[in-house]
Amino acid sequence: FMTIRFDGTVDRVNPALATFLGREAGELEGVHVLDLIHPDDAMGAEEQLASILTGHRLLNFPVRIIAGNGQVRWIELSGARDEDRRLLFISGVDITARRRADRALRESEQRFREFAENVSEVFWLADAGLNRILYASPAFEPLWGRRVADLIKDRKCWLDPIHRDDQARANQAFRHLVEEGDMD
């Protein structure tokens, strides 16, 4: 939590935020709040500051800050203006771990997409009960002669190109593979 004067300088910082910033509370007083913000986020932060000054509330604004040791941390800010005291009241939540996890997930999804779009084998992902297809590789279309969208819409359409006399056996083999992990 911090209070900021209308000129953008820090009035007070609570001990938790000072620790988060890697600084002493006293050394932050008088510092312009934008000096704590990562340069790439400064313009957006300045716009948000101006918006609060005109009476708007700040809700869940993510911004990178630079800690005293130079480490970049993410914080989600919310705040409001107190006209009588001519201060902005700002609270923040550390979202550094969440942002790192989001980034790792995006990178993992990108690696999966690159793999899936370049493998020549057909595979698909389904929910645990095999009731809904979540994803099918692009190789499904040329091999099955059906669109991936058809499989996602109708999870059993993969059986259609198989001769009617062999469909039950193919479906049973597929279920056995899923349940037992082998094709016996």
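A quick note: this is a predicted structure, and the numbers were derived from the prediction, not measured.

### Notes on the sheet that holds strand β3 (residues 58–66)
Working step 1: The 5 strands lie next to each other as β2-β1-β5-β4-β3, forming an open sheet whose pairing is antiparallel. Two strands in the sheet have a free side with no partner beyond their single neighbour: β2 (10–13) and β3. Sheet twist, expressed as the average angle between the axes of neighbouring strands with direction ignored, equals 30°.
Working step 2: Relative to strand β5 (residues 87–94), strand β1 (residues 2–5) runs antiparallel, the two sharing 4 bridges. Its bridge partner being in β5, R5 is matched across the sheet by L87.
Working step 3: Sheet strands in contact with helix α3 (residues 42–53) are β3, β4 (72–82) and β5, and its direction is about 140° off that of β3.
Working step 4: Those strands touched by helix α4 (residues 96–118) are β3, β4 and β5, and its axis lies near 125° from that of β4.

### Focus: the confidence of the model for the protein chain
Working step 1: Of all residues in the protein chain, 98% attain a pLDDT of 70 or more, and the chain-wide mean is 88.
Working step 2: Strand β6 (residues 124–126) is the least confidently modelled element of the protein chain, averaging 85 in pLDDT, while α4 averages 93, the highest of any element.

### Notes on the packing of aromatic side chains
Working step 1: Tallied over the full model, the rule gives 11 aromatic pairs.
Working step 2: Centre to centre, the rings of F123 and Y135 are 6.0 Å apart; their planes meet at 40°, and the pair counts as tilted. Linking F123 in the loop between α4 and β6 with Y135 in strand β7 (residues 133–136), this pair joins segments that are 12 residues apart in sequence.
Working step 3: In this arrangement the basic side chain of R99 is found over the ring face of W74, its NZ or CZ atom lying 3.7 Å from the centre.

### Remarks on α3
Working step 1: An ideal rise of 1.5 Å per residue puts 16 Å on 12 residues; α3 measures up with 16 Å between its terminal C-alpha atoms.
Working step 2: Looking only at α3, the buried set comprises A45, L49 and I52. Looking straight down α3, one finds that the buried residues subtend no more than 60° of arc, so they occupy a single side. For α3, the exposed residues set more than 90 degrees away from the buried face come down to M43 and E47.
Working step 3: In this structure, the buried residues of α3 make contact with β3, β4 and β5.
Working step 4: Taken from the residues just after α3, G55 is the one with a positive phi, measuring 105°.

### Quick notes on the nonpolar core
Working step 1: Counting residues in each nonpolar core, the largest one holds 25 residues, and the members touching the most others are M2 and I90.
Working step 2: Going through the elements one at a time, β1, β2, α1 (15–21), α3, β3, β4 and β5 are the ones with two or more residues in this core.
Working step 3: Apart from residues no more than four positions distant in its own chain, I90 is found in contact with F1, M2, I4, I52, L58, L77, S78 and G79.
Working step 4: Judged by nonpolar contacts, the second largest core, of 9 residues, contains W124, F140, V148 and L151.

### Comments concerning the side chain of T96
Working step 1: Here T96 shows up in helix α4.
Working step 2: Polar side-chain contacts of T96 include one of 2.9 Å to the backbone nitrogen of W74.
Working step 3: When neighbours within four sequence positions are excluded, T96 is seen to be in contact with R73 and W74.

Each value, and the rule that gives it
Residues numbered from 1 in each chain as written. Predicted model: local features only at pLDDT ≥ 70, side-chain atom pairs only at ≥ 80, totals over all residues. Heavy atoms only, no water. Pairing = 2+ DSSP bridges. Helix = DSSP H or I, 4+ residues; strand = E, 2+ residues; numbered from the N terminus. Axes fitted to C-alpha atoms, helices over the stretch in contact; angles between N-to-C directions. Contact = heavy atoms within 4.5 Å. pLDDT = per-residue confidence, 0-100. Phe/Tyr/Trp six-rings, centres within 6.5 Å; stacked < 30°, edge-to-face > 60°. Lys NZ or Arg CZ within 6 Å of the ring centre and 35° of its normal. Expected span 1.5 Å × (residues − 1). Buried < 20%, exposed > 50% of the residue type's maximum accessible area, 1.4 Å probe, protein only. Arc of directions from axis to C-beta. Core = buried A, V, L, I, M, F, W, Y, C linked by side-chain atoms within 4.5 Å. Polar contact = N/O pair within 3.5 Å; in protein donor to acceptor, adjacent residues only side chain to side chain.

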